[in-house]
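One letter stands for each residue in the lines below.
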Amino acid sequence: MKRVLSGGIAQESHSFNPIVTRRERFTIQSGNDAVARNRGANSTLGGIISSADEVGTEVEVPILFRAQSGGPVEDSVFEEVKDAMVAAARKGSFDAIVLPLHGGMLTTSLSDPEGDLIQALRDVVGPDVPITAAFDLHAHVTERTIAPLDFLSAYLTNPHGDQAATSRRAFQAARDILEGRLDPRCAAVLFPMLTLGNDRTDEAPLRRIHAYAKAQVDNGSVYDVSIFNAQQFLDVKDLGQVVLVYGNGENEVAQRVADEIAGSLWASRDELVGTYPSLDSCLDRIETENRTLVLGDQGDRVAGGGPGDSTFILNRLIERNFNEPAVVPIYAPEEVQKCMAAGVGAEIVLTFGGRYSTVSPPIRAEGRVTASGSKTPVVYDGPSDGGTTIHLDDWAIFQFGKIQVLLTSQPYAFIDPAYYRAVGVDLRVTKLIVVRSGYHFSLNFASVGECITIDTPGITSYYVDRLPWNTARPFYPVDKIDYSPRHYLRSRQAKAL
Ligand SMILES: [Zn+2]
């Protein structure tokens, strides 16, 4: 395997976030620069590059667009990426295509853009060139996504710590196909059910189900197993769980393993719905136990596609006269500009937040602009996405009392302490740190404080029965339906095998 085509577009969408994700929200990389920047990172592209380096394969990245979760992506952005990828594929002479995608993206008109991109690449290269991909386990996978792929693998961990390991499997599968060691036969089981909150893979029940899956791979029964729990906020047809198993040369055993895992997920359906502690119980603990808590705002997780401007926590801090050092991030692009215009040191009255997340009213406060910046680099400590670099767009810190509000001109999930370090917040003396993530922050903030996701309202809370669904229902547990799995089988049709 001499040359591999990689790249594409990765974002996780939320159907009910009204903010369309435009081009300026993406980190855009291409060519040698993309390869150099991702070498060694625990990202899906990083894993492809590491695997390629080990066997002397060249990775070509015509374009890679990556953005944090949010509203559906503007069609023109997706078209730009697709055109660049298809043009590169057409130039030819690639031995394989290995794609680092999320799998849970929407565009303003497409419900499965990844499937659309992969099919377009398949149409160019024909059946003989292996196309494999690595997806987030929160991908929206359908028969249409799987059909043009020779192999697809999902993260095995939530919180996600195995991005590079996942794409290494996708790279290895392409090699195994080309070198005659793998004849991938897929067996998939798809069914309309959501996991809602008790879905960490390091806790029951998913830990047990993943252990069974791993045992089937380790003992050679099957080549690979993925369990897609799906992005829960996609109002699309066929939303639900997908168990994807690849056998080597046969898919009877793969089918049996897929059915077994799907059955376990269904049997655990009520256990997979979780509950979270209240904000007040956590604030009480900070005040009485003198602890540092890192709180995930479950209802407005940018990591889950939320808008990032919920004032629910901040309003409660003000109501309670919370008097411990705290930092709260709020997406507020216009107010960032006001702070920058006033300048560091200025005392101003500011109204901000609560514009897109409407669960709590905007804040009006008098305070001081204590810092601001633009294009500030953030390099993740990890482990989740460790080594990844992003640039904070315009930002300002607006302080009143002991509360620092980090206002940003783009929404961020703040899954890594590096965000706060980059803007000069001293986390060692901060007792309450708010992030817009429900899972992944708990890996990266483990050494900073106790990480707790709290029960807050909003469009990324797990009270999904409150969302205005049009297309995705019926699904369990919102609809009390019976188990109704669909089965899908695929064999590779390349003439080489
Ligand atoms: Zn995910």
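Residues numbered from 1 in each chain as written. Predicted model: local features only at pLDDT ≥ 70, side-chain atom pairs only at ≥ 80, totals over all residues. Heavy atoms only, no water.

Asker: An account of the coordination of the zinc ion is requested, with residue identities and associated values reported.
Answerer: Those protein atoms acting as donors to the zinc ion are Asp 136 (OD), Asp 136 (OD), His 138 (ND1) and His 160 (NE2), and they sit at 2.1 to 2.4 Å. Classification of the site at the zinc ion rests on its 4 donor atoms, whose angles at the metal span 55 to 140 degrees, yielding the label irregular. Written as a sequence motif, the donor arrangement for the zinc ion is D-x1-H-x21-H. With Asp 136 in the loop between strand E7 (131-135) and helix H5 (143-146) and His 160 in the loop between strand E8 (151-154) and helix H6 (163-178), this residue pair connects regions lying 24 residues apart in the sequence. Relative accessible area serves as the criterion here: at 5%, Asp 136 is assigned to the buried category. (Donors = N, O, S within 2.8 Å, 3.2 Å for Na, K, Ca; no water. Tetrahedral: all angles 85-135°; square planar, octahedral: opposite > 155°, others 65-115°. Helix = DSSP H or I, 4+ residues; strand = E, 2+ residues; numbered from the N terminus. Buried < 20%, exposed > 50% of the residue type's maximum accessible area, 1.4 Å probe, protein only.)

Asker: Give me the lowdown on the environment of Leu 467, citing residues and values where you can.
Answerer: In this fold, Leu 467 is placed in the loop between strand E21 (450-454) and strand E22 (486-491). Take Leu 467: its relative accessible area is 12%, and that puts it in the buried class. Separated by 232 residues in the primary sequence, Leu 467 and Asp 235 have C-alpha atoms spaced 9.5 Å apart. Residues in contact with Leu 467, not counting those within four places in the same chain, are Phe 16, Phe 233 and Ile 459. (Contact = heavy atoms within 4.5 Å.)

Asker: Please provide a residue-by-residue account of the side chain of Thr 132, values included.
Answerer: Relative to the assigned elements, Thr 132 resides in strand E7. A polar atom in the side chain of Thr 132 sits 2.8 Å from the backbone oxygen of Ala 170. When sequence neighbours within four positions are dropped, the list of residues in contact with Thr 132 reads Ile 97, Val 98, Leu 99, Leu 149, Phe 151, Ala 170, Phe 171, Ala 173 and Ala 174. (Polar contact = N/O pair within 3.5 Å; in protein donor to acceptor, adjacent residues only side chain to side chain.)

Asker: For helix H9 (residues 279-289), give the residues involved together with the corresponding values.
Answerer: By the burial criterion, the buried members of H9 are Leu 279, Cys 282, Leu 283 and Ile 286. Down the axis of H9, the sector holding all buried residues measures 100 degrees, keeping them to one side. Buried residues in H9 make contact with strand E12 (293-297), helix H10 (312-319), strand E20 (432-435) and E21. Two residues or fewer past H9, Asn 290 is found with a positive phi of approximately 50 degrees. (Arc of directions from axis to C-beta.)

Asker: So, the domain arrangement of the protein chain: which residues are in play, and what are the values?
Answerer: Parsing the protein chain into structural domains produces domain 1 (1-182), domain 2 (184-274 + 466-492) and domain 3 (279-461). On a C-alpha basis, the centres of domain 1 and domain 3 stand 31 Å from each other. Domain 1 puts 20 residues into the contact, and the matching count from domain 3 is 27 residues. Both sides together, the interface formed by domain 1 and domain 3 hides about 1800 Å², and carbon and sulfur atoms give 50% of it. Where domain 1 meets domain 3, there are 0 salt bridges. Between the two partners, domain 1 and domain 3, sit 11 residue pairs in polar contact (both at pLDDT 80 or more). Looking at the side of domain 1 that touches domain 3, its residues break down into 5 nonpolar, 12 polar and 3 charged. (Domains from an automatic or database assignment. Buried area = accessible area lost by both parts, 1.4 Å probe. Salt bridge = Lys/Arg side-chain N within 4 Å of Asp/Glu carboxyl O. Nonpolar A, V, L, I, M, F, W, Y, C, P; charged D, E, K, R; others polar.)

Asker: Describe the sheet that holds strand E4 (residues 58-60), naming the residues involved and giving the relevant values.
Answerer: Spatially, the 5 strands line up as an open sheet ordered E4-E1-E6-E7-E8, and their pairing is parallel. Two strands close off the open sheet at either side, each with one partner strand: E4 and E8. Averaged over neighbouring strand pairs, the angle between their axes works out to 25 degrees when direction is ignored. Sheet analysis places strand E6 (residues 96-100) next to E7, joined by 4 bridges and oriented parallel. When the bridges of E7 are listed, Pro 100 appears paired with Ala 134. In the packing of H6 onto the sheet, the strands contacted are strand E1 (3-5), E6, E7 and E8, and the crossing angle to E7 comes to about 165 degrees. (Pairing = 2+ DSSP bridges. Axes fitted to C-alpha atoms, helices over the stretch in contact; angles between N-to-C directions.)

Asker: Hey, could you go over the nonpolar core for me, with residue numbers and the actual values?
Answerer: Formed by 64 residues in total, the largest nonpolar core has its most connected members in Ile 9, Leu 99, Leu 121, Phe 135, Leu 152 and Phe 228. Of the residues that make up this core, three or more belong to each of domain 1 (1-182) and domain 2 (184-274 + 466-492). Core analysis: the next-biggest nonpolar cluster, separate from the first, contains 33 residues, Ala 326, Val 328, Val 336 and Ile 452 among them. (Core = buried A, V, L, I, M, F, W, Y, C linked by side-chain atoms within 4.5 Å.)

Asker: Describe the UniProt feature "domain: Microcystin LR degradation protein MlrC C-terminal" (unreviewed entry) in the protein chain, naming the residues involved and giving the relevant values.
Answerer: Annotation from UniProt places "domain: Microcystin LR degradation protein MlrC C-terminal" (unreviewed entry) at residues 296-470. Secondary structure across residues 296-470 divides into 15% helix and 31% strand, with the first and last C-alpha atoms of the span separated by 28 Å. (UniProt positions renumbered as here; feature names shortened; annotations may be inferred.)

Asker: Describe the state of the cysteines, with residues and values.
Answerer: Disulfides are covalent bonds that link the sulfur atoms of two cysteine residues. Overall, the coordinates contain 0 disulfides when judged by the stated rule. For the unlinked cysteine Cys 282, the closest cysteine sulfur is that of Cys 451, found at 11 Å. Of the residues examined, Cys 282 reaches a relative accessible area of 2% and is grouped as buried. (Disulfide = S-S within 2.5 Å.)

Asker: An account of the UniProt feature "domain: Microcystin LR degradation protein MlrC N-terminal" (unreviewed entry) in the protein chain is needed here, citing residue identities and associated values.
Answerer: Using the residue numbers shown here, the UniProt feature "domain: Microcystin LR degradation protein MlrC N-terminal" (unreviewed entry) corresponds to residues 3-286. Here residues 3-286 is 38% helix and 18% strand, with 54 Å between the C-alpha atoms at its ends.

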